[in-house]
Amino acid sequence: MDAREVSVLQLQLLVLKIPTESVAVPMDTKAQTELIDLMARILMVVFQAEGGTVDARDTVQSQD
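Residues numbered from 1 in each chain as written. Predicted model: local features only at pLDDT ≥ 70, side-chain atom pairs only at ≥ 80, totals over all residues. Heavy atoms only, no water.

*Asks:* Any chance you could break down the overall build of the chain for me, citing the residues and the numbers?
*Replies:* Along its length, the chain carries 2 helices and 0 strands. Within the chain, the proportion of its 64 residues that are buried is 0%. Summed over all atoms, the accessible surface of the chain reaches about 6600 Å², with 61% contributed by carbon and sulfur. (Helix = DSSP H or I, 4+ residues; strand = E, 2+ residues; numbered from the N terminus. Buried < 20%, exposed > 50% of the residue type's maximum accessible area, 1.4 Å probe, protein only. Areas by Shrake-Rupley, 256 points an atom, 1.4 Å probe, with all protein chains shown as cover.)

*Asks:* Talk me through a nonpolar patch on the surface; I want residue IDs and the actual numbers.
*Replies:* Together, Met27, Leu35, Ile36, Leu38, Met39, Ile42 and Val46 make up an exposed nonpolar region whose accessible area comes to about 630 Å². Within the element layout of this structure, Leu38 appears in helix H2 (residues 29-49). (Patch = residues over 30% accessible without salt bridge, like charges linked within 9 Å, V, L, I, M, F, W, Y side chains within 5 Å. Salt bridge = Lys/Arg side-chain N within 4 Å of Asp/Glu carboxyl O.)

*Asks:* Residue-level account of the pattern of salt bridges, with values.
*Replies:* Using the criterion set out here, one finds 2 salt bridges in the structure. Across the pair Glu34 and Lys30 runs a salt bridge, and its minimum N-O distance is 3.5 Å. Here Glu34 pairs with Lys30, and both are found in helix H2, just 4 residues apart, close to one helical turn. Here Asp37 ties to Arg41 by a salt bridge, and the two come within 2.8 Å at their closest N and O atoms. Taken together, the residues span about one helical turn, with Asp37 and Arg41 both in helix H2 at a distance of 4 residues. For Asp37, a relative accessible area of 37% puts it in the partly exposed group.

Worth remembering: the numbers are spatial, not functional.
Take a look at the structure:
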């Protein structure tokens, strides 16, 4: 077993030990909108940094 396989097994065991409860946090509409905007900007920067291109004709507008 190589070091990479050991690391994978350790991560799998760690996941079993950590509780994975989901807790919803109340959020007002403005904060939710700002968070979604921030996440979209981050995705765009990463996408462009990875060599992707952005075409304004392909953007999707929010339904809200």
